[in-house]
Amino acid sequence: MRLDLLAVLNAERAARRATIVVTEVATGAQRLVRPADAAKDPLRDVLAERFLSGKSGIAEVGGARYFLNVHLPPPRLVITGAVHISQALAPMARIAGYDVVIVDPRTAFASPERFPDVAVLAEWPDRALPKLSLDPATAFVALTHDPKIDEPALAAALAAGCFYIGALGSKKTHAKRLERLRARGVADAALARIHAPIGLAIGAASPPEIAVSILAEITLRLRRGPEARL
Amino acid sequence: MDQAATEQDVLAAAERWRKEGRKVALATVVETWGSAPRPVGSHLVIDDKDNFLGSVSGGCVEGAVVAAAGEVIASGAPKMLEFGVADETAWKVGLSCGGNIRVYVEKVD
């Protein structure tokens, strides 16, 4: 691979933009295709299909073999609450391949010392979340226990179609939360998408164990879809 | 902090190593059959001192890929490698999981 092509590829990935690197197997000739350029490319049909499926692989077109390496943005994890569980969940999620962002307006919690190498926005969700543009490639986790912070963010995550939405709190706490979200006008079908109590039931006790249970539940939704049961 | 070996880090390392003046090869899983440990598109980056980052097989054939990368760095010509099931009696490098993979190795320049 040419260094200039590699540099462009890395820049596109850092900006969370999709690309496909096309390599002609016989010659090693390579090019980088962005979604906007795909329609002009000789391989446009197969490129369009690969941008949708995200699947890398060999394609045979006109007697030539091409390797298409599809680079879609990695899944992202947005957390409200720069709390103890987040201190374990953020590095675990990074290792699992997520871009991690923590939102907490309480500056004493949202300090760089507590969260080295993680993007922390010390702002209220109504200011922070529009900048993040939540999407179906995002998992959202509410961990503050503070309705003023968690609930506007939960409503935004539901509206954006985040592939996983979880909220910390007991069944009783969650029942009260649902009442308040209903009062905000969130539909029951949407509320049913919130995972609460959060995390798979593995008997997690300590904050790092709870982080494991949350990351496992996020993985289940990412890999098996919204309906899968264990 | 430890760098997680995500694909992002592997490709970023390939760029960084090359810009540092190291000679670099990039290996990519391009086809798999049966049970394969790493999906198509997975990368391994190797330099001319046999340092490497990432994985194409979860450890089974990395040694052979690193050796081939040395030849690719020297010649500049890409190589397609194929690995099948490990044959312990013949000391052949392979995949104990029973799958087959094809790995494309190219120079970064």
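All residue numbers refer to position in the chain's written sequence, counted from 1. A letter from A marks each chain and a number from 1 marks each ligand, given out in the order of writing. Given that this is a predicted model, residues contribute local features only at a pLDDT of at least 70 and side-chain atom pairs are listed and counted only at 80 or more, while totals for whole chains, interfaces and linings are drawn from all residues. Here the side-chain values reflect all heavy atoms present in the structure, with hydrogen atoms and water set aside.

(A) Representation of the overall build of chain B in the model. Runs of E in the DSSP output that reach at least two residues are strands. Runs of H or I that reach at least four are helices, and both are numbered from the N terminus. What chain B contains, in helices and strands, is two helices and five strands. By the burial criterion, 43% of the 109 residues in chain B qualify as buried. Looking at chain B alone, contacts between residues at least 24 apart form 51% of all its contacts between residues at least 6 apart. Calculation of accessible area relied on Shrake-Rupley with a 1.4 Å probe; when residues are assessed, cover is drawn exclusively from the protein chains displayed. Per element, the accessible surface of chain B, about 5200 Å² overall, is 50% carbon and sulfur. Burial status follows relative accessibility: with a 1.4 Å probe on protein chains alone, a residue under 20% of its type maximum counts as buried, one over 50% as exposed, and anything between as partly exposed. Any two residues having at least one pair of non-hydrogen atoms within 4.5 Å are treated as being in contact.

(B) Molecular detail of the overall build of chain A. For chain A, the helix and strand inventory stands at eight helices and 10 strands. Principal axes of the C-alpha set define a box for chain A whose edges measure 65 × 40 × 35 Å. The long-range share in chain A, meaning contacts at least 24 apart out of those at least 6 apart in sequence, stands at 55%. When the accessible surface of chain A is totalled, it reaches about 11000 Å², and 57% of it is carbon and sulfur. The averaged location of the 23 negative side-chain charges in chain A is 3 Å from the averaged location of its 30 positive side-chain charges. All tallies of charge rest on Lys and Arg as positive and Asp and Glu as negative; His and the ends of each chain are not included. Charged side chains are reduced to one point each, which is NZ for Lys, CZ for Arg, CG for Asp and CD for Glu.

(C) The arrangement of the packing of aromatic side chains in detail. Note on aromatic contacts: the rings of Phe and Tyr and the six-membered ring of Trp form a pair at centre separations within 6.5 Å, being stacked when their planes are under 30 degrees apart, edge-to-face when over 60 apart, and tilted otherwise. Using the criterion set out here, one finds zero aromatic pairs over all chains in the structure. Our definition puts a charge over a ring when NZ of Lys or CZ of Arg is within 6 Å of the ring centre and also within 35 degrees of the ring normal. Sitting above the plane of the Phe109(A) ring, Arg106(A) keeps its charged end 4.1 Å from the centroid. The ring of Trp17(B) carries the charged tip of Arg22(B) above its face, separated from the ring centre by 4.3 Å.

(D) Region of interest: helix 5 (residues 147–160) of chain A. Residues and elements named next belong to chain A. Helix length check: helix 5 (14 residues) gives 19 Å between terminal C-alpha atoms against 20 Å at 1.5 Å per residue, within 8%. The set of residues buried in helix 5 consists of Ile149, Asp150, Glu151, Ala153, Leu154, Ala155, Ala157 and Leu158. Phi turns positive, to about 70°, at Gly161, one or two residues after helix 5. Here the expected length of a helix is defined as 1.5 Å per residue gap, with one fewer gap than residues.

(E) The arrangement of the nonpolar core in detail. Residue and element names in this part refer to chain A. Throughout this description, the term nonpolar core refers to a set of buried Ala, Val, Leu, Ile, Met, Phe, Trp, Tyr and Cys residues connected via side-chain atoms within 4.5 Å. Core analysis: the largest hydrophobic core is formed by 27 residues, its most contacted members being Leu77, Leu89, Val141, Leu143, Ile214 and Ile218. Secondary-structure elements contributing two or more residues to this core are strand 5 (76–80), helix 3 (84–95), strand 6 (99–103), strand 8 (138–142) and helix 8 (207–224). Residue contacts for Ile214: discarding those within four places in its chain leaves Ile85, Leu89, Val141, Leu143, Tyr164, Ile198 and Gly199.

(F) How the structure looks around the interface of chain A and chain B. With 25 residues of chain A in contact, the opposing surface of chain B contributes 26 residues. Summed over both partners, buried area is the accessible surface (1.4 Å probe) that two parts give up on being assembled. Summed over the three residues of chain A that lose the most area to chain B, namely Met1(A), Leu3(A) and Arg13(A), the buried surface amounts to 28% of that side. Take a side-chain nitrogen of Lys or Arg and a carboxyl oxygen of Asp or Glu: if they are within 4 Å of each other, that pair is a salt bridge. One can count one salt bridge joining chain A with chain B. Glu31(B) is paired through a salt bridge with Arg65(A); the nearest N and O atoms lie 2.9 Å apart. Definition of a polar contact: a pair of N or O atoms within 3.5 Å, with one able to donate and the other able to accept a hydrogen when the atoms are protein atoms, and with sequence-neighbouring residues admitted only if both atoms are side-chain atoms. Applying the counting rule to chain A against chain B returns 10 residue pairs in polar contact (both at pLDDT 80 or more). If you list the elements that add at least two residues to the side of chain A that touches chain B, you get helix 1 (3–14), strand 3 (57–61), strand 4 (64–71) and helix 3 of chain A.

(G) Structural detail: the packing of helix 3 of chain A against helix 8 of chain A. Residue and element names in this part refer to chain A. For helices, the fitted axis covers only the stretch in contact; all axes are lines through C-alpha atoms, and the angles between them, taken along N-to-C directions, range from 0 to 180 degrees. It is at 8 Å that the axes of helix 3 and helix 8 come closest, and there the two elements cross at 50°. Between helix 3 and helix 8, the crossing angle belongs to the class labelled oblique. Like other packed secondary-structure pairs, helix 3 and helix 8 cross with a definite hand, here right-handed. Counting all contacts with helix 3, which are made through His84, Ile85, Ala88, Leu89, Met92 and Ala93, the residues of helix 8 involved are Pro207, Pro208, Ile210, Ala211, Val212, Ile214 and Leu215. In terms of residue class, the contact of helix 3 with helix 8 is made up of 12 nonpolar, one polar and no charged. Angles below 35 degrees are treated as roughly parallel, those above 145 as roughly antiparallel, those between 65 and 115 as roughly perpendicular, and all remaining angles as oblique. If you view the pair so one helix is near and one far, a crossing is left-handed when the near helix is turned anticlockwise from the far one by less than a right angle, and right-handed when it is turned clockwise. When residues are sorted by character, Ala, Val, Leu, Ile, Met, Phe, Trp, Tyr, Cys and Pro go into the nonpolar class, Asp, Glu, Lys and Arg into the charged class, and all the rest, Gly among them, into the polar class.

(H) The pairing of strand 8 of chain A, seen in detail. Residues and elements named next belong to chain A. Within strand 8, five of the five residues are buried, which leaves the element mostly enclosed by the surrounding structure. Pairing of strand 5 with strand 8 involves five bridges; the strand directions are parallel. Looking at the pairing, Leu77 lines up with Ala139 of strand 8. Here the term right-handed applies to a crossover when the path leading from its first strand over the helix to its second strand runs clockwise, the strands being oriented away from the viewer. One crossover worth recording links strand 8 to the parallel strand 9 (residues 164–167) by way of helix 5, and it is right-handed. What makes two strands pair is DSSP finding at least two bridges between them.

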